Amino acid sequence: AAPERPAASAQPLAPARTPSPAPTQQQAALAPAPSAAAPAKTAVAPKSEGDAWLVQLASYAKPELAEKGWRELSAAAPELFANRKPLVQESQLADQSTVWRLRTGPYAAYSEAAGFCEQLKSRGLDCYVAQPGS
């Protein structure tokens, strides 16, 4: 499968986060059943602090390329990336290929993540808002 989309690179990675507490019985009962077709995901960097929105900037075949992508994006729009940190996450796709997703966040609300993504798009950069836990 083709990589999702190269856009930029990242060298600094976010620090590891502590594991989330186990869901309550009510939360577990309300959670959707896992799909057999859903790809497994292993975070190299934390997804976020808690259940927060992320902005996906690109994905790559190798983590080094994601780090490079962050550097390139940061150079292309330094004022937009000045106070942001990269998250590079390993993700296994349905065809068993592995990609490294370059994301930034966390954002407490969808509107915050979407606002940042719109700023990037207005500069000709690509992105999308990733749901909490994705």
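One structure accompanies this document, and this report is about it. Just so it is clear, the model here is predicted, and its values are computed rather than measured. What you see as residue numbers is a count from 1 along each chain, following the sequence as written. At least 70 in pLDDT is required for a residue's local features to be given in this predicted model, at least 80 for side-chain atom pairs to be given and counted, and no such filter applies to totals for whole chains, interfaces and linings, which use all residues. With hydrogens and water stripped out, all remaining heavy atoms of the structure feed into the side-chain values.

**Brief notes about the pattern of salt bridges**
Part 1 of the argument: Any Lys or Arg side-chain nitrogen found within 4 Å of a carboxyl oxygen on Asp or Glu counts as a salt bridge. For the structure shown, the criterion picks out two salt bridges.
Part 2 of the argument: Two residues, lysine 68 and glutamate 72, come together in a salt bridge whose shortest N-O distance is 3.3 Å. Taken as a pair, lysine 68 and glutamate 72 lie in helix α2 (residues 63–76) at a separation of four residues, close to a single helical turn.
Part 3 of the argument: Burial classes: relative accessible area under 20% of the type maximum marks a residue as buried, over 50% as exposed, and values in between as partly exposed (1.4 Å probe, protein chains only). Accessibility expressed as a relative area gives 39% for glutamate 72, which makes it partly exposed. Under the scheme used here, helices are H or I runs from DSSP no shorter than 4 residues and strands are E runs no shorter than 2 residues, and both carry numbers assigned from the N terminus.

**Observations regarding α2**
Part 1 of the argument: The terminal C-alpha atoms of α2, which comprises 14 residues, lie 20 Å apart, in line with the 20 Å expected from a rise of 1.5 Å per residue.
Part 2 of the argument: Considered for burial, the residues of α2 that qualify are Ala66, Gly69, Trp70, Leu73 and Ser74. With its buried residues spanning 130° around the axis, α2 presents them on a single face.
Part 3 of the argument: What makes two residues a contact is simply this: any of their non-hydrogen atoms within 4.5 Å. Buried positions along α2 lie against β2 (53–60), α3 (78–81), β3 (86–92) and β4 (98–107). What a helix is expected to span follows from its residue count: subtract one and scale by 1.5 Å. Here the arc refers to the set of directions running from the helix axis out to each C-beta atom.

**Overview of the side chain of glutamine 89**
Part 1 of the argument: Tracing the backbone through its elements, the reader meets glutamine 89 in strand β3.
Part 2 of the argument: For glutamine 89, a relative accessible area of 4% gives the class buried.
Part 3 of the argument: Polar contact is defined as a pair of N or O atoms within 3.5 Å, subject to the rule that within protein one atom must be able to donate a hydrogen and the other to accept it, and that residues adjacent in sequence are counted only when both atoms are side-chain atoms. Within the local environment of glutamine 89, its side chain forms a polar contact with the side chain of arginine 103, the two groups lying 3.1 Å apart.

**As for the nonpolar core**
Part 1 of the argument: Definition used in this section: a nonpolar core is a set of buried Ala, Val, Leu, Ile, Met, Phe, Trp, Tyr and Cys residues joined via side-chain atoms within 4.5 Å. Ranked by size, the top nonpolar core spans 23 residues in total, and within it Val55, Leu57, Phe81, Leu102, Phe116 and Leu120 carry the most contacts.
Part 2 of the argument: Elements supplying a minimum of two residues to this core: β2, α2, α3, β4 and α4 (110–122).

**Topic: the packing of aromatic side chains**
Part 1 of the argument: Stacked, edge-to-face and tilted are the three classes for Phe, Tyr and Trp ring pairs, Trp counted by its six-membered ring, which pair at centre distances within 6.5 Å; planes under 30 degrees apart are stacked, over 60 edge-to-face, the rest tilted. Taken as a whole and assessed by the stated rule, the structure comprises four aromatic pairs.
Part 2 of the argument: Centre to centre, the rings of tryptophan 53 and tyrosine 110 are 5.2 Å apart; their planes meet at 75°, and the pair counts as edge-to-face. One end of the pair, tryptophan 53, is in strand β2; the other, tyrosine 110, is in helix α4, with 57 residues separating them in the sequence.
Part 3 of the argument: Residue tyrosine 110 is classed as partly exposed on the basis of its relative accessible area, which comes to 47%.
Part 4 of the argument: With centroids separated by 5.1 Å and ring planes inclined at 85°, the aromatic side chains of tryptophan 70 and phenylalanine 81 adopt a geometry described as edge-to-face. Taken together, the residues span a long stretch of sequence, with tryptophan 70 in helix α2 and phenylalanine 81 in helix α3 at a distance of 11 residues. Take tryptophan 70 and phenylalanine 81: they sit in the same class, and that class is buried.
Part 5 of the argument: Each member of the aromatic cluster is reached from another via a ring pair, and the members are Trp70, Phe81, Tyr107 and Phe116.
Part 6 of the argument: Arginine 84 extends its terminal NZ or CZ atom over the ring of phenylalanine 116, reaching a point 3.8 Å from the ring centre. Criterion for a charge above a ring: Arg CZ or Lys NZ at most 6 Å from the ring centre, at most 35 degrees from the ring normal.

**A word on the state of the cysteines**
Part 1 of the argument: Disulfides are defined in this document as cysteine sulfur pairs within 2.5 Å. Under the defined criterion, the tally for this structure stands at one disulfide.
Part 2 of the argument: The partner cysteine of cysteine 117 in its disulfide is cysteine 127, sulfur to sulfur 1.8 Å. Because the sign of the S-S torsion sets the handedness, a value of about 115° for the bond joining cysteine 117 and cysteine 127 places this disulfide among the right-handed ones. With cysteine 117 in helix α4 and cysteine 127 in the loop between α4 and β5 (128–130), this residue pair connects regions lying 10 residues apart in the sequence.
Part 3 of the argument: Its relative accessible area of 2% is what places cysteine 117 among the buried residues.
Part 4 of the argument: A relative accessible area of 4% places cysteine 127 in the buried class.

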